[in-house]
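An overview of the molecular structure
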Amino acid sequence: TLAGKTAVITGSNSGIGLGIARELAKAGANVVLNSFTNLPEDHALAEGIASEFGVEARYIPADMSKGDSARQLITSAGRCDILINNAGIQHVAPVQDFPAEKWDAIIAINLSSAYHTVAAALPMMRASGWGRVINIASAHGLTASPYKSAYVAAKHGIVGFSKTIALETAEEPITCNAICPGYVLTPLVEEQIPGTMKEYGMDRETVIRDVMLARQPSKQFATTEQMGGTAVFLCSPAADQITGTTISVDGGWTAL
Ligand code: NAD
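Residues numbered from 1 in each chain as written. Predicted model: local features only at pLDDT ≥ 70, side-chain atom pairs only at ≥ 80, totals over all residues.

1. Observations regarding the environment of K163
Topologically, K163 is positioned in helix α5 (residues 149-168). On the basis of neighbour counts, which here come to 16 C-beta atoms within 10 Å, the residue K163 falls in the partly exposed class. Linking K163 and T246, residues 83 residues apart in sequence, is a C-alpha distance of 8.9 Å. (Helix = DSSP H or I, 4+ residues; strand = E, 2+ residues; numbered from the N terminus. Buried ≥ 20, exposed ≤ 12 C-beta atoms within 10 Å, placed from the backbone.)

Structure, rendered in structure tokens:
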């Protein structure tokens, strides 16, 4: 059980981050949800988790594209035993046409925010004598696809960053790892299905199987619950000696 632990999950008002927050809360952790918005429904998500799982849950707005805000999120949380760096965005374009502001935003949100949150959270973990850093990388942290230069660079970067933090904390009761999801059916991905159906003149099942899951041998999406379950495992005593590595949850993508 994670009772008494506080988990901070960046980018957790939807998708994988929310799924991880729910599984950590189910395991007993108090959770801090985050995104850059500050809407009633954001705070309602935290209230829902608190009442469903009987833990403390808060929503703290902070923009992960800004280093100061990323550090402020950890300071405002007040305690951080489990840090999940999950906030991420995507942009797809050939490198010569890739907008510089998109490149900068992807590097800032998908990579640099983790540097800032880790720098702010490690002293708290050291003070409490236990810590888990889990960075949400991607199959694109281990392999590449065309037209995703910034995303692939940021995700490979976060894998290297995770290894470095693991070495810097190796003799302490702190671990740092990266989870590498394959395709997960988050709201963001779901929204792309109708457009792709139209574009290719395919039905929903064909788009999912032959376009979206072309590189995922299981031909099934991974789920946000499975990402949460993997995070809970990395917080368990069984994972005390698992540090500086990646766990792929990708239906065989990286075995191809
Ligand atoms: P999503 O769009 O549902 O979630 C992204 C989250 O990040 C949202 O909560 C969003 O509000 C937040 N976010 C975006 N910009 C932010 C900012 N500036 N500051 C704070 N929060 C911000 O997408 P998702 O699929 O759940 O993605 C979550 C993570 O998982 C990302 O890092 C993504 O790269 C990674 N991932 C997703 C998949 C997939 O197939 N869905 C596969 C591999 C890796």
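That covers the picture; the talk isn't over yet.
2. Focus on unusual backbone geometry
Here Y147, not a glycine, exhibits a phi torsion of approximately 75 degrees, which is positive. Considering the arrangement of structural elements, one finds Y147 in the loop between β5 (131-136) and α5. One non-glycine residue, K219, lies in positive phi territory at about 60 degrees. Assignment of secondary structure puts K219 in the loop between α8 (204-212) and α9 (224-234).

3. Details of the pairing of β5
Both faces of the sheet carry side chains from a regular strand, because those side chains alternate between them. Across the six residues that make up β5, a large majority, six, are buried. Residues G131, V133 and N135 point to one face of β5 and R132, I134 and I136 to the other, with burial holding for every one of them. Bridge count between strand β4 (residues 82-85) and β5: four bridges; the pairing is parallel. Bridge assignment links L83 to a residue of β5, and that residue is V133. Read from β4 through helix α4 (residues 100-128) to β5, the crossover connection turns out right-handed. Alignment of β5 against strand β6 (residues 174-181), held across six bridges, turns out to be parallel. Residue R132 lies in a different strand from β6, and its bridge partner there is T175. (Pairing = 2+ DSSP bridges. Right-handed = clockwise from strand over helix to strand, strands pointing away.)

4. Description of the sheet that holds β6
Spatially, seven strands are ordered β3-β2-β1-β4-β5-β6-β7 in an open sheet, and the strand pairing comes out parallel. Of all strands in the sheet, those with a lone pairing partner are β3 (57-59) and β7 (246-249), marking the two edges. Averaged over neighbouring strand pairs, the angle between their axes works out to 15 degrees when direction is ignored. Each of β5, β6 and β7 touches α5; the most contacted strand, β6, lies at about 160 degrees to it. (Axes fitted to C-alpha atoms, helices over the stretch in contact; angles between N-to-C directions. Contact = placed C-beta atoms within 7 Å.)

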